[in-house]
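# Working through the structure, step by step
Listed below are the residues making up each chain.
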Amino acid sequence: MFTPKNTVIGFIGIGVMGKSMAGHLLNAGYPLVVYSRTKEKAAELLEKGAEWGETPKEVAEKASVIFTMVGYPKDVEEIYLGENGLIQNAREGNYLIDMTTSAPSLAVKIYEQAKKRGIQVIDAPVSGGDVGAREAKLSIMVGCEEAAFAAVHPLLELLGTNIVYQGEPGAGQHTKMSNQIAIASNMIGVCEAIIYAEKAGLNPENVLKSITTGAAGSWSLNNLAPRMLQGNFEPGFYIKHFIKDMKIALDEAEQMDMEVPGLALAKSLYDQLVERGEENSGTQALYKYWKY
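As the structure is a computational prediction, the values presented were derived from the model and not from experiment.

About the thresholds
Residues numbered from 1 in each chain as written. Predicted model: local features only at pLDDT ≥ 70, side-chain atom pairs only at ≥ 80, totals over all residues. Heavy atoms only, no water. Axes fitted to C-alpha atoms, helices over the stretch in contact; angles between N-to-C directions. Helix = DSSP H or I, 4+ residues; strand = E, 2+ residues; numbered from the N terminus. Parallel < 35°, antiparallel > 145°, perpendicular 65-115°, else oblique. Contact = heavy atoms within 4.5 Å. Nonpolar A, V, L, I, M, F, W, Y, C, P; charged D, E, K, R; others polar. Phe/Tyr/Trp six-rings, centres within 6.5 Å; stacked < 30°, edge-to-face > 60°. Buried < 20%, exposed > 50% of the residue type's maximum accessible area, 1.4 Å probe, protein only. Salt bridge = Lys/Arg side-chain N within 4 Å of Asp/Glu carboxyl O. Pairing = 2+ DSSP bridges. Right-handed = clockwise from strand over helix to strand, strands pointing away. Core = buried A, V, L, I, M, F, W, Y, C linked by side-chain atoms within 4.5 Å. Expected span 1.5 Å × (residues − 1). Arc of directions from axis to C-beta. Polar contact = N/O pair within 3.5 Å; in protein donor to acceptor, adjacent residues only side chain to side chain. Left-handed = near helix turned anticlockwise from the far one by under 90°.

Relative orientation of the contacting elements helix α4 (residues 73-81) and helix α6 (residues 104-115) amounts to 0°, with a least axis distance of 11 Å. If you check the angle between α4 and α6, you find them roughly parallel. The segment α4 lies against α6, with P73, V76, E77, Y80 and L81 engaging L106, K109, I110 and Q113. Its residues assigned to classes, the contact of α4 with α6 comprises six nonpolar, one polar and two charged.

Attention now moves to the packing of aromatic side chains. Under the counting rule described, the total for this entry stands at eight aromatic pairs. Note on F237 and F242: the rings are 6.2 Å apart at their centroids and 65° apart in plane angle, and the pair reads as edge-to-face. Of the residues examined, F237 reaches a relative accessible area of 23% and is grouped as partly exposed. Among the aromatic residues, those joined into a cluster by ring pairs are F237, F242 and Y270.

Our next topic: the pattern of salt bridges. Applying the stated criterion across every chain yields a total of 15 salt bridges. With its nearest N and O atoms 2.9 Å apart, the salt bridge here joins E44 to K19. Of this pair, E44 sits in helix α2 (residues 43-47) while K19 sits in helix α1 (residues 18-27), and the two are 25 residues apart along the sequence. Since its relative accessible area comes to 35%, E44 is described here as partly exposed. Exposure remark for K19: the relative accessible area of 31% places this residue in the partly exposed category. Salt-bridge contacts for K247 lead to D251; the nearest nitrogen and oxygen are separated by 2.9 Å. Within this pair, K247 and its partner D251 are both found in helix α13 (residues 239-255), separated by four residues, close to a single helical turn.

Taking every second residue as pointing to the same face, both faces of strand β2 (residues 32-35) are buried, with L32 and V34 on one and V33 and Y35 on the other. Alignment of strand β1 (residues 9-12) against β2, held across four bridges, turns out to be parallel. In the sheet register, I12 faces β2, and the bridge partner there is Y35. Handedness of the β-α-β unit built from β1, α1 and β2 comes out right-handed.

Nonpolar side chains tend to gather and get buried jointly when the protein is soluble and globular. F11, F67, M99 and I140 are the most contacted members of the largest nonpolar core, which totals 87 residues. Of all the elements, helix α9 (residues 171-199) adds the most residues to this core, at eight residues. The residues contacting F11, other than those within four sequence positions of it, are G18, M21, A22, L25, L32, V33, V34, Y35, F67 and M69.

Moving on, we get to α13. Given a rise of 1.5 Å per residue, 17 residues ought to cover 24 Å, and the 24 Å separating the end C-alpha atoms of α13 matches this to within 8%. Of the surrounding secondary structure, the elements contacted by the buried residues of α13 are α4, α6, α9 and α14 (261-275). Just beyond α13, the residue with positive phi is D257, at close to 60°.

With that settled, the discussion passes to α4. It helps to recall that an α-helix has 3.6 residues per turn; residues three or four apart then point in one direction. For α4, the set of buried residues is P73, D75, V76, I79 and Y80. The buried residues of α4 all sit within an arc of 155° when viewed along its axis, so they share a single face. Opposite the buried face of α4, by more than 90 degrees, sit the exposed residues K74 and E78.

By the element assignment, T68 lies in strand β4 (residues 65-68). At a separation of 2.7 Å, a polar atom in the side chain of T68 contacts the side chain of D98. Other than its neighbours up to four places away in sequence, T68 contacts I12, I79, Y80, L86, I97, D98, M99 and T100.

Time to look at the side chain of D245. Within the secondary structure, D245 is located in helix α13. Accessibility expressed as a relative area gives 0% for D245, which makes it buried. At a separation of 2.7 Å, a polar atom in the side chain of D245 contacts the side chain of Q180.

Relative orientation of the contacting elements α13 and α14 amounts to 145°, with a least axis distance of 10 Å. Between α13 and α14 lies a crossing of left-handed hand. Contacts from I239, F242, I243, M246, K247, A249 and L250 of α13 reach α14 at L263, A264, A266, K267, Y270, D271, L273 and V274. Split by residue class, the contact of α13 with α14 holds 12 nonpolar, no polar and three charged.

Below, the structure written as structure tokens:
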């Protein structure tokens, strides 16, 4: 059982969500070693007592449970399977928890390599955006061995409120793909609904009061539509990362010989936003496709 007295936790990837998530672990009393490509992003955590790791290797040498929350599958592969990565440098019996949204096949590959060295790997992507991370109310989708899930569950409870074991390694990532597919088409509907209300001469804020509590209600409608109306397009979740997720889901669907026209349409619209320089905006900036 992990406790602050017997467990040093590592956290790699101090971004929009990772910073809050690492902070919850630190606030729970766990000694924390952090690493990010940009050290300045970790400044607040370091001021609160976290220790800086110069490399993923150094984090692996100091921590027995390591969380990762990075950008792309290529980053996950480098951090886990690289020469100076976690698998080569973590100790037998350690737990590695990847919360990045990544490819299911990569999650299985990492698990298989880690198992050879007696290391447990858990794929545990999350949903809930910056708000969920900040409030420790993330939805966490877990793929791993059942015993590993039981071991890390108390730590995951520090980060989320809806923690579901989905099955064998890779199952967490497949579940996250289902999540992203649902969000992709929903975001189109949210934006079209707001633009329609505006063009009809309605007060869109009043419209939201009606439709958020009815059958149309969704997390995106409740949390992102108000940001659209405020002109707030700061990232709770980057467009560039959402496109990455949609590309993974499209690839997986193709391997299953499955058509996903809603997903394909959403990605094409977001691709057009990237061409306008919006890749670092939040996903709610899809509103700009119609507005500007």
